[in-house]
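Remarks on the overall topology
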Amino acid sequence: MSENSAATASPSSSSSSRSSSSVGLYELFFEESPDLHCVFSSPSCSGTEATASQLRFDSVNKAWMTLLGYHKEDLLGKCLADFLHPEDQDKVTADTLVPRHAKNDEEDMICEARFRHSDGVSYRWLSWTGTCSVLKKQQLFLASARDTTKTKRRQLALSATNRRLQESHEIAKLGQWDLDLTSNTLCWSSYIYQLFQICPKTFDASYEAFLNAIHPDDRDKVNAAYLLHLETKQPYEIIHRLLLPDQTVKWVIENCRSEYDSNGVPLRSIGTVQDITELKQAQEDLRIAKDKAEEADSLKSAFLANMSHEIRTPMNAVIGFTDLMLSETDETDETDCDDQDASLSAVSAVSAANSSSSNPLCSSSAPHQCKCLRRYSTSSSAPPLCRCASSRRLQSRKKDHQDYLETIKSSGKLLLTLINDILDISKIEAGQLELEASSFSLGDVLRTVEYNAMGIISRSGHAIRIKTPTTRHQQSLTNGTSCTAAPGNDDTLILGDPNRLQQVLNNLLSNAIKVCSNYLLVFSFSQPR
C-alpha cells in the first residue's frame with residue numbers, strides 16, 4: 001500500500017519539480033536580462049486607457065540599476081510619469097505600450113520616450129513594448145524597454161542633416177531626382193514637386209511624365225541630350241524651360257550622370273535640376289541695359305562729333321572777325337599817315353594856284369577841294385588829317401566794326417548755349433537737373449526763338465518762312481527767307497522754366513530748318529477759353 005502510494009506520488013512530485021524549475025528560469029531571465037523589464041499596475045483604471053500618471057511600478061529587474069542607476073526601492077510604487085520627460089508624458093499610455101501589430105494594425109508602432117536618469121539631469125531614450133495580463137483578478141501590464149539613445153541620436157542627427165540639406169536646396173532652388181531605368185520609376189525630392197507645381201499624390205512618376213512637364217519647344221532637345229548621354233556615357237548639362245500648369249514659364253539648368261552594369265547597360269540615372277529663372281531674367285535685363293548703354297554711347301559719340309562742328313563754327317567767327325578788326329586797326333594807322341601827306345601836297349598845290357592866279361581858293365579852278373584845305377592854304381603850318389575824309393572812313397569802319405561785334409556777340413552766345421547744353425547733359429546723366437518754376441512772358445521767349453531761327457535760316461540759304469504770334473511785321477531776308485505776322489497775344493504769362501522751354505523750341509526749329517527747304521514753318525500758341 002505504501003509502495004503503491006509512493007509509486008502514485010512520484011509523477012506528481014516530478015511535475016511540481018519541473019514547474020518550480022520553470023518559474024526559477026523565468027525569474028532568472030527577468031532579473032538578468034540586459035533589457036529593462038517591469039510590471040505596471042493600474043489600481044484606479046482598468047483596461048488600456050491608463051495614462052502614464054496612472055501606471056505604477058510593481059516589479060523591475062536589475063537592468064534599471066545598471067542602465068539608469070535606480071534601485072528597486074526608487075521605482076516600486078512610483079508613477080511612470082514621474083520619470084518621463086515632460087514632452088513625452090502625454091504620449092505614453094497603457095495603450096501605446098502595446099505594439100500596434102498585436103492589434104492587427106497595418107503598421108507597427110513602437111512607443112519611444114525619454115526616461116530620466118538617476119542623476120536627475122540627463123535622459124535616456126527608451127523604446128517600449130508590452131502586453132496586458134490578468135493575475136489573480138488584477139490587471140497587469142508587462143512592459144519591456146530597450147535603451148535606444150545612441151540610435152535616436154543618430155536618427156536626430158540624420159534628420160537635422162536632411163533638414164539642413166532640404167533648406168539649402170530650397171535656398172539654392174535645387175532639386176534632386178533618381179530614375180531607375182530597370183523599372184522606369186522616377187523619384188523626386190520635395191523641392192522638384194514644388195518647382196514643377198505638381199502634387200506628389202497625383203504625379204505618375206516616370207520619365208515620360210517628366211518630359212510632359214517640359215516646355216513643348218524644348219522637349220525634343222532635352223530628350224535628345226539624355227539619349228546621347230546614355231550612348232556616350234558622359235555626364236551632361238542642359239538649360240531648358242518648364243511650362244507649369246498655370247502657363248508660367250520657368251528656366252532650369254539640369255545635370256545628369258548614369259550608372260551602368262558590366263555590359264554597359266544603363267541601370268540608373270541621377271541628376272539635379274535648378275531654377276535659374278531669376279538669373280535668366282537678370283541676364284536679359286543686363287542685355288537690354290547693355291544695348292541701351294551702347295546706344296547711348298553711340299548717341300553721345302554722334303553728339304560730340306556734331307558738337308565739335310557746332311563749336312568750331314562760332315569759334316571761327318569770333319577768331320576771324322577779331323583778326324579782321326585787328327588788321328583794320330593797323331591799316332587805319334597807315335591810312336592816317338598817308339592822309340597827312342596827301343593833305344600837305346594838296347595845300348602846296350593850292351598855294352601855287354593862288355600865287356599864279358588872282359582867283360580865290362574857292363574859285364572854280366578847285367571846286368572839289370574841301371574846306372579843310374582852304375582853311376590851311378594860306379597858313380604856313382602843316383594842316384592836320386583831312387577831317388571830312390577821315391570822318392567818312394571812321395563812320396564806315398564804325399558800322400563794319402559794329403557788325404563784327406554783333407557777330408562776335410552772337411557767336412559767343414551760341415558757344416555759351418552749346419556749353420550749357422553739354423553741362424545739362426552731364427546733369428541729366430547724374431540726375432541733378434532741376435527745373436525752375438517762375439512766371440514769364442511766352443511772347444518774349446518766342447521772340448528770342450524767332451531771332452535765333454532767323455539767323456540760322458539766313459546762313460542755310462533755304463527759302464523758309466516762320467510764322468509766329470510774336471512777329472510784328474513782314475521781314476524779308478536776302479536769300480528769300482521771310483517771317484510773316486500771325487495773330488496772337490505775346491503778353492501771355494505762364495508758369496515754368498523759360499530757359500528750358502527756349503531750349504526745346506530752339507531744338508525743334510533748328511531740326512525743322514535742317515530738314516526743310518522752301519517751307520512755311522508755323523509756330524504759334526493760343527490761350528485756353
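Up top is the structure these notes are about.
What counts and what doesn't
Residues numbered from 1 in each chain as written. Predicted model: local features only at pLDDT ≥ 70, side-chain atom pairs only at ≥ 80, totals over all residues. Heavy atoms only, no water. Pairing = 2+ DSSP bridges. Helix = DSSP H or I, 4+ residues; strand = E, 2+ residues; numbered from the N terminus. Salt bridge = Lys/Arg side-chain N within 4 Å of Asp/Glu carboxyl O. Buried < 20%, exposed > 50% of the residue type's maximum accessible area, 1.4 Å probe, protein only. Axes fitted to C-alpha atoms, helices over the stretch in contact; angles between N-to-C directions. Phe/Tyr/Trp six-rings, centres within 6.5 Å; stacked < 30°, edge-to-face > 60°. 1 Å grid on protein atoms, 1.4 Å probe; cavity = no way out; pocket = protein on both sides within 12 Å on 5 of 7 lines; lining within 4 Å. Points joined across faces, edges and corners; volume = space filled by probe spheres on them. Nonpolar A, V, L, I, M, F, W, Y, C, P; charged D, E, K, R; others polar.

1. Concerning the pairing of strand S5 (residues 138–147)
Two elements, strand S1 (residues 36–41) and S5, share six bridges in a ladder whose sense is antiparallel. The partner of phenylalanine 40 across the bridge, within S5, is phenylalanine 141. Note that strand S4 (residues 123–135) and S5 share ten bridges and pair antiparallel. Looking at the pairing, valine 134 lines up with glutamine 139 of S5. Linking two consecutive strands that pair antiparallel, namely S4 and S5, is a turn of two residues; a positive phi of about 55° is found at lysine 136 within it.

2. Regarding the pattern of salt bridges
Once the charged atoms of two side chains with opposite charge are near each other, the side chains can pair. Counted according to the given criterion, the structure contains 15 salt bridges. Here glutamate 31 and lysine 72 are joined by a salt bridge, their closest N and O atoms 3.0 Å apart. Within this pair, whereas glutamate 31 is found in helix H1 (residues 2–32), its partner lysine 72 is found in helix H3 (residues 72–75), the two being separated by 41 residues in sequence. Among the ionic pairs, lysine 290 bridges to glutamate 294, the shortest N-O distance being 2.5 Å. Of this pair, lysine 290 and glutamate 294 both sit in helix H9 (residues 277–356), separated by four residues, roughly a single helical turn. Look at lysine 290 and you get partly exposed, because its relative accessible area is 47%. On the basis of relative accessibility, which here comes to 44%, the residue glutamate 294 falls in the partly exposed class. By sharing partners, the salt bridges in this structure join Glu87, Asp88, Lys91 and Arg114 into a single network.

3. A few points about the sheet that holds strand S9 (residues 249–260)
Taken together, five strands build an open sheet; the order of strands is S7-S6-S10-S9-S8 and the sheet is antiparallel. Every other strand in the sheet has two partners, leaving strand S7 (185–188) and strand S8 (236–243) as the edge strands with one partner each. On average, each strand axis in the sheet is tilted by 25° relative to the strand beside it, whichever way the strands run.

4. Section: the packing of aromatic side chains
Tallied over the full model, the rule gives 16 aromatic pairs. Where phenylalanine 57 meets tryptophan 64, the ring centres are 5.5 Å apart and the plane angle is 80°; that geometry is what we call edge-to-face. Among the residues examined, tryptophan 64 registers a relative accessible area of 0% and is labelled buried. Every member of this aromatic cluster is reached through a ring pair, and the members are Phe40, Phe57, Trp64, Tyr70, Phe83, Phe115 and Trp128.

5. Things to note about the layout of surface pockets
By volume, the second largest pocket is sized at about 290 Å³. Contributing to the lining of the second largest pocket are 15 residues, with Val39, Ser133, Leu135, Leu140 and Leu142 lying nearest its centre. Sorting the residues of the lining of the second largest pocket by element identifies S1, S4 and S5 as the ones contributing at least two each. Residue contributions to the lining of the second largest pocket peak at six residues, all from S4. Per-class residue counts for the lining of the second largest pocket are eight nonpolar, seven polar and no charged.

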